[in-house]
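Descriptive structure summary
Here is how the chains run, residue by residue.
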Amino acid sequence: MPVAATSHAARVIALLEAREGAYLRRLRDLVDTNSGLDNPAGRLACLKQLERVYKMLGFATRRVERPGMMVHLVAHRPARGVMAEGAPKVLLLGHFDTVYDSTSGFLSLQQEGDWLHGPGVGDMKGGLVVAQAALEALQHVGQLDAFDFVAVHNADEEVQSPTSRDLVEAAAADRDLVLDFEIGRKTGGVVRSRAGVGRYFVTVHGRAAHAGMDHAAGVNAIVGLAKLVLAFDALQDPALGTTINVGVVRGGVKRNVVPDEARAEVDVRVRSLAEVARIEAAVAELARSEPVPGARVEVVGGIGRPPWVRNAACDGLIAHFQQVAAAHGIALPAEDTGGGSDANFTAALGVATIDGLGPVGTGPHTHDERIRTHTVVERAKLVALALLAWRETGGVATN
Ligand SMILES: [Zn+2]
């Protein structure tokens, strides 16, 4: 590693280790503040906690209000003074909503040995604390001015970012690097590619009739839906990484009534843009079909997150992080995952992106969600040191 980065490294490490207790308290405050889909007040409280730290770091902050009581946070701190020349433009991504509603019964952080267990502790409030800790470490060594930072923290990622995708994409457009702080893999790894993710809500409209007296007058929506379920299932292509999961079906009111309506919810994961096109075309065809005579099909939804396909820009950034990690004795494998995140948007725009920079953990979206406590500081070190090294080398990997 170059000399200047090396001289800062020891101070970065010392500061982050000394402040571990403060970061864990900050994490507890965020986790104990429920920020589920049903809790706009809780989400706003989380936003305010993040905003307070950005203000202390000299960021200009902006709340962006969107439909559905969604308020997102955008923070910007341009490079300053003599260090502005050649400053890398960095986007920090992280959402503060979680999948746990205020009624989930899973509402607070528990410490169990070297584990922290709680709602959103990995997905992804731990990552938000990591990002801000790394910034504080850069400030501590006088290097915050050497970067142009934008942070976008959204409130609707768990429902596929419908009101914040444009903020993420607009912020990414002029960036050199995107760091997304989703939960680190249980191997300790980061993420180098993600599946594209789609959701379809399918309704078959039939016609109700008495099952005995008037059966011929009915159009059985359940039978129509059953045929569509099999048609969706047949669109899978595991060899290409395309999976389809019909996860929910509902329909009918009584045994002796021809059902006039049936619904299904379908999850789609794809690994390539060609597969996005194939699935979208096939679903459009199904939407125009008549699965049983007289039935009408309605399909809402689509592939809302494009696939993040591995590419040279992202792989180069990940290799840089791996080199910095190795220099500090940390193994940092890179993994492909079927889960989507906002990094899908930035990687699909061609901006160098790394994800999974949050603390190492398991069980996101379950009541067993947990992270390794010591990895909060470990990840913050990695991010601060990798940024310093990137600034030194312009992203050219060092040996
Ligand atoms: Zn999630």
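Below, the structure is looked at part by part.

Scoring rules and cut-offs
Residues numbered from 1 in each chain as written. Predicted model: local features only at pLDDT ≥ 70, side-chain atom pairs only at ≥ 80, totals over all residues. Helix = DSSP H or I, 4+ residues; strand = E, 2+ residues; numbered from the N terminus. Buried ≥ 20, exposed ≤ 12 C-beta atoms within 10 Å, placed from the backbone. Contact = placed C-beta atoms within 7 Å. Axes fitted to C-alpha atoms, helices over the stretch in contact; angles between N-to-C directions. Parallel < 35°, antiparallel > 145°, perpendicular 65-115°, else oblique. Left-handed = near helix turned anticlockwise from the far one by under 90°. Pairing = 2+ DSSP bridges.

A look at the overall build of the chain
- What the chain contains, in helices and strands, is ten helices and 18 strands.
- With respect to the principal axes defined by its C-alpha atoms, the chain has extents near 85 × 40 × 35 Å.
- Burial analysis of the chain (399 residues in total) assigns 46% to the buried set.
- Pairs at least 24 residues apart make up 78% of the contacts formed inside the chain by residues separated by at least 6 positions.

Remarks on unusual backbone geometry
- Between Asp123 and Met124 the backbone carries a cis peptide bond, its omega angle lying at -5 degrees.
- Structurally, Met124 can be placed in helix H4 (residues 121–140).

Looking at the packing of helix H2 (residues 20–32) against H4
- Taken N-terminus to C-terminus, the directions of H2 and H4 make an angle of 140 degrees; their axes are 10 Å apart at the nearest point. In terms of orientation, H2 lies oblique with respect to H4. Of the two possible hands of crossing, H2 and H4 adopt the one that is right-handed. Residues Tyr23, Arg26, Leu27, Leu30 and Val31 of H2 pack against Val121, Lys125, Gly126, Leu128, Val129 and Ala133 of H4.

A look at the sheet that holds strand E2 (residues 70–77)
- A sheet is described by the order of its strands in space; here six strands give the open sequence E1-E2-E6-E3-E7-E16, paired in mixed fashion. Looking along the sheet, the strands with just one partner apiece sit at the ends: strand E1 (60–66) and strand E16 (353–354).
- Direction of pairing for strand E7 (residues 177–180) relative to E16: parallel, over a ladder of two bridges. In the sheet register, Leu179 faces E16, and the bridge partner there is Ile354.

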